[in-house]
Amino acid sequence: MKKLVVVGKILANEAINANVKRMVIEAPQIAEAAQPGQFVHVKKPDSVNFLRRPFSIADADRENGTITLIYRIVGKGTAEYAAMKVGEAFSILGPIGNGFALKDGRPLLIGGGVGIAPLIYLSRQLKDKKPILLIGGKNKDEVFWEKYLQEFADKIYITTDDGSVGFKGFTVQLLPQILAENNIEHIYTCGPNIMMEGVAKLAHEHDIDCQVSLEKRMACGIGVCLGCTFEDKLTGKRRKVCTEGPVFASKEVF
């Protein structure tokens, strides 16, 4: 798919909690082309960072020509975007990468932390399949995602490390129960590697098709710098997360 370079205008940049913000951007060409699981590489004018910064596409509205980014403020780069105001604009390269392959059959979407972001657009696209969602976080402040997902989900299971809401524990601990209660045919997951590895292991044991979306630091975003590679477990070859992913079959990764 051809990558576009456009200027996106901020329509909203609102705080969800103390460390997470939701940005809605007017970018009709990106919205029209975007597929669930893809990302954009952005560059703010006069940024302190020389390189572009990758953000997962949390949602895309083709009718209104907007894309949504949900991001955690973790350093100077993300703090720059958090400080931007409605009406400001920046350069967007995208959509980048290969997203989730949408398949027939009952889907289960599993996300942890800000890795839940791309599952919003994915659940929108899978709405007719009655997707089940399993989302996890450290506490109730980390699982605010339900309000963005409930429109598209048939069921939502929530886990928190401290038990402040939902099941007390990790997503992988609740997963066997969900598989027992539902006829799951496909699993899509994004989040911390340790979580996705556990999900993939259970998927393999139950012979369930599973796709994982990897989060890697990347500089160029176009397959040149080789900073985001990993070794394919099936072939032993180096794979590029930016151009060949970020979504891969789970058996290629774990």
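Preceding this section is the structure that the text describes.
Parameters at a glance
Within every chain, residues take consecutive numbers counted from 1 along the sequence as written. With the structure being a predicted model, the display of local features is reserved for residues of pLDDT at least 70 and the display and counting of side-chain atom pairs for 80 or more, all residues being used for whole-chain, interface and lining totals. Hydrogens and water molecules were not included; the side-chain quantities draw on all heavy atoms of the structure. Nonpolar core, defined: a set of buried Ala, Val, Leu, Ile, Met, Phe, Trp, Tyr and Cys residues in which side-chain atoms within 4.5 Å join the residues together. For every residue, the accessible area (1.4 Å probe, protein chains only) is compared with the maximum for its type, and the residue is labelled buried under 20%, exposed over 50%, or partly exposed between those bounds. Strands are runs of DSSP state E lasting at least 2 residues, helices are runs of H or I lasting at least 4, and numbering of each runs from the N terminus. Two rings from Phe, Tyr or Trp (for Trp, the six-membered ring) form a pair when their centres sit within 6.5 Å of each other. Planes less than 30 degrees apart are called stacked, planes more than 60 degrees apart edge-to-face, and all others tilted. Points on a 1 Å grid, built from protein atoms alone, make a cavity when a 1.4 Å probe fits but cannot get out and make a pocket when they are open with protein on both sides within 12 Å along at least 5 of 7 lines; residues with an atom within 4 Å of a point are the lining residues. Grid points are joined across faces, edges and corners, and a volume is the space filled by probe spheres set on the points. For this classification, the nonpolar set comprises Ala, Val, Leu, Ile, Met, Phe, Trp, Tyr, Cys and Pro, the charged set comprises Asp, Glu, Lys and Arg, and every other residue, Gly included, is treated as polar. Think of it this way: DSSP has to see at least two bridges between two strands before they count as a pair. Between the N-to-C directions of two axes lies an angle of 0 to 180 degrees, each axis being a line fitted to C-alpha atoms and, for a helix, fitted only over the stretch in contact. We call two residues in contact whenever any of their non-hydrogen atoms come within 4.5 Å of each other. This arc is built from the directions going out from the helix axis to the C-beta atoms.

### Topic: the nonpolar core
Alright, step 1. Counting residues in each nonpolar core, the largest one holds 30 residues, and the members touching the most others are Leu108, Ile110, Leu134, Leu175, Ile187 and Leu214.
Alright, step 2. Among the secondary structure elements, those contributing two or more residues to this core are β7 (89-96), β8 (107-112), β9 (132-137), α5 (171-181), α6 (193-205), β13 (209-213) and α7 (241-244).
Alright, step 3. The leading source of residues in this core is α6, at 5 residues.
Alright, step 4. In this structure, Ile70, Ile116, Leu126 and Phe152 belong to the second largest nonpolar core, which totals 24 residues.

### What to know about the packing of aromatic side chains
Alright, step 1. Scanning all chains against the criterion turns up 6 aromatic pairs.
Alright, step 2. An angle of 80° between the planes, with centres 5.5 Å apart, marks the rings of Tyr81 and Phe90 as edge-to-face.
Alright, step 3. Their ring planes at 25° and their centres at 4.5 Å tell us that Phe144 and Trp145 sit as a pair that is stacked. Residues Phe144 and Trp145 agree in their burial class; the two are buried.
Alright, step 4. Members of the aromatic cluster, connected to one another through ring pairs, are Phe55, Tyr71, Tyr81 and Phe90.

### Brief notes about the layout of surface pockets
Alright, step 1. Space inside the largest pocket adds up to approximately 990 Å³.
Alright, step 2. Lining the largest pocket are 33 residues, with Arg53, Pro54, Glu215, Lys216 and Arg217 sitting closest to its centre.
Alright, step 3. If you list the elements that add at least two residues to the lining of the largest pocket, you get β4 (53-56), β6 (66-72) and α2 (76-82).
Alright, step 4. At 5 residues, the largest contribution of residues to the lining of the largest pocket is made by α2.
Alright, step 5. Here the lining of the largest pocket is composed, by residue class, of 16 nonpolar, 9 polar and 8 charged.
Alright, step 6. Approximately 350 Å³ is the volume attributed to the second largest pocket.
Alright, step 7. Lining the second largest pocket we find 17 residues, and of these Gly112, Gly136, Asp161, Phe170 and Pro192 sit closest to its centre.
Alright, step 8. For the lining of the second largest pocket, the secondary structure elements donating two or more residues are β8, β9, α5 and α6.
Alright, step 9. The residue inventory of the lining of the second largest pocket, partitioned by class, reads 5 nonpolar, 8 polar and 4 charged.

### Overview of the sheet that holds strand β5 (residues 59-61)
Alright, step 1. Taken together, the 7 strands give an open sheet; going across it, the order is β4-β3-β7-β1-β2-β6-β5, and neighbouring strands pair in antiparallel fashion. Strands with a single pairing partner mark the edges of an open sheet, and in this sheet they are β4 and β5. Strand-to-strand twist of the sheet, defined as the mean angle between neighbouring strand axes without regard to direction, takes the value 35°.
Alright, step 2. The pairing of β5 with β6 spans 3 bridges and is antiparallel. Note on β6: the bridge partner recorded for Asp59 is Thr68.
Alright, step 3. Of the strands in this sheet, β4, β5 and β6 touch helix α3 (residues 118-125), which is tilted by about 50° from β5.

### Comments concerning α5
Alright, step 1. Those residues of α5 that fall on the buried side of the exposure criterion are Thr171, Leu174, Leu175, Ile178 and Leu179. Considered in projection along α5, the buried side chains sweep an arc of 150° and stay on one side of the axis.
Alright, step 2. Packed against the buried residues of α5 are β8, β9, β10 (155-160), β11 (167-168), β12 (186-190) and α6.

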